[in-house]
Each structure stands twice: as C-alpha cells, then as structure tokens.
Amino acid sequence: GGGPTTLAAATRVGQRGVCVGVDISEPLIDLARRRADEEKVENAVFVRADAQTYAFETDRFDAVISRFGVMFFDDPVAAFTNIRRSARHDAVLTFVAGRDPAENPFMTTAARAAAPFLPSMPAPAPNAPGQFAFADLDRVRRILEASEWRHISVRPIDVPTCVAEADLLDYVTKMGPVGVALRKADEKTRALATEALRTAFNP
C-alpha cells in the first residue's frame, strides 16, 4: 500500500533492522517513499514488485506482515511459497484479511445499493482474488500448508474502522467492483447510483 504498515514496523524495529515494503503499484510505492522521507524513517525500503513472483533474497526476513494485501494474489500458493523462501526458518507470518461478506456489512453495502443501477456488475466468484478471497478459513489453512508454513493459527478479530464522511462517497464510488462499474456507466446512471449509495450509508 502507501506505506503506513511498513513505516510503523520500521519505527518499532528502529536501528536493529530494516523493513521492506512491497507493492505492485508504482503510485503507492512513490507515496510510501515520500512518507518515509517526510517522517524521516531511514530503515524502511520500498520495492515495486509482485510479491508472488519477485526474486527476494533467500532466508532474509525474520517476519512477514500484511494488512489486507494477501487476498489479491492470482496464485496464493505460489505467492506464499515465494514469500516462504525469503523468510528464515523460524520467521513468523502475520496477516489480516477480510472475513465472509456476511460478516462485513460495511464492505458489502456499496455493491448491494448500486446493483439495481449496474446490472452488468459481476457477482464476485468464490475464492477469486479480492477482498473476500480468504473468507474460507479451511482454504486459508490449505494454502499456507501447501506453501510450507507451519504452526498455523487463524482467528477472527473485530476492529472498529472509520472512514471520514467527507471521504466516504469518493471511497465507495471509486474502489472495488462498484468503482469499476461506475467508470463504464453513463452520467445519469452514475448520479442515480451515487444517490443510492449516499442513502444506503446514512445509517
């Protein structure tokens, strides 16, 4: 992403080590580098790469962390195998991923509200790369075991999340499947869907 997770880890590690942030997006990596400069965090390095295929140095890392990033791999077993090779034998992998859509009303409200105006918006395929790709906990365990991670523990956590009201409509009209569908819609459809989204999020 834009670097906050890596910068937080780098600040915590201090001069004892270096944290490497990886993202496939050049604009996000540029933003992360700017933030590191502004915050004067010297032990954070950012690499634009696909963690699924990037040739990391073998046996390099003590820990691997991800905040809502691992659900987007095209081939999660290949990705976690590649990451495993880069980690030391006793390294710890920790990540946060979205649970089942039914347990994430905030993340599903936009699609439900906009659907009547965007009939061509595809329904997400189960297990397809995306925010709910890791909803099946048994599948997550199988992926990690197949990529040679051991002592796997998966548990649900609930964390309050805030999006400023001023930013909410931008967020729900530009991100995810709704954002993709709205970019292809005509002006009238966009206006109707946007009003429906505003109403749906009022509660």
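Structural data are supplied above this passage.
## Concerning the overall build of the chain
In terms of regular secondary structure, the chain is built from eight helices and four strands. If you list the helices and strands of the chain from N to C, you get α-β-α-β-β-α-β-α-α-α-α-α. A principal-axis box enclosing the C-alpha atoms of the chain has dimensions of 55 × 40 × 30 Å. Per-residue burial over the chain gives 34% buried out of 203 residues. Distance between charge centroids for the chain: 1 Å, based on 25 positive and 27 negative side chains.

## Focus: the pairing of strand E4 (residues 87-96)
Pairing of strand E3 (residues 61-67) with E4 involves six bridges; the strand directions are parallel. Its bridge partner being in E4, Ala63 is matched across the sheet by Val92. Regarding topology, helix H3 (residues 76-86) serves as the crossover connection from E3 to the parallel E4, and that connection is right-handed.

## Thoughts on helix H7 (residues 176-184)
Helical geometry note: an α-helix holds 3.6 residues per turn, so side chains three or four residues apart project in the same direction. Those residues of H7 lying buried are Val178, Gly179, Ala181 and Leu182. For H7, the buried positions fall inside an angular range of 170° around the axis, keeping them on one side. Along H7, exposed side chains directed more than 90 degrees from the buried face belong to Arg183 and Lys184. On its buried side, H7 packs onto helix H4 (105-114), helix H6 (165-174) and helix H8 (187-201).

## Focus on the environment of Pro126
As for its position among the elements, Pro126 is in the loop between H4 and helix H5 (137-146). Relative accessible area serves as the criterion here: at 72%, Pro126 is assigned to the exposed category. Residues Pro126 and Val154, spaced 28 residues apart in sequence, show a C-alpha to C-alpha distance of 19 Å.

## Describing the packing of H4 against H8
It is the contact of H4 with H8, at a shortest axis distance of 9 Å, that shows an interaxial angle of 140°. Classified by the interaxial angle, the pair formed by H4 and H8 is oblique. Crossing of H4 against H8: the hand is right-handed. Packed against H4, whose contacting residues are Phe106, Thr109, Ala110, Ala113 and Ala114, the element H8 presents Ala196, Leu197, Ala200 and Phe201 at the interface. In the contact of H4 with H8, the residues fall into eight nonpolar, one polar and no charged.

Cut-offs and rules
- Residues numbered from 1 in each chain as written.
- Predicted model: local features only at pLDDT ≥ 70, side-chain atom pairs only at ≥ 80, totals over all residues.
- Heavy atoms only, no water.
- Helix = DSSP H or I, 4+ residues; strand = E, 2+ residues; numbered from the N terminus.
- Buried < 20%, exposed > 50% of the residue type's maximum accessible area, 1.4 Å probe, protein only.
- Lys, Arg positive; Asp, Glu negative; His and termini not counted.
- Charge placed at Lys NZ, Arg CZ, Asp CG, Glu CD.
- Pairing = 2+ DSSP bridges.
- Right-handed = clockwise from strand over helix to strand, strands pointing away.
- Arc of directions from axis to C-beta.
- Contact = heavy atoms within 4.5 Å.
- Axes fitted to C-alpha atoms, helices over the stretch in contact; angles between N-to-C directions.
- Parallel < 35°, antiparallel > 145°, perpendicular 65-115°, else oblique.
- Left-handed = near helix turned anticlockwise from the far one by under 90°.
- Nonpolar A, V, L, I, M, F, W, Y, C, P; charged D, E, K, R; others polar.

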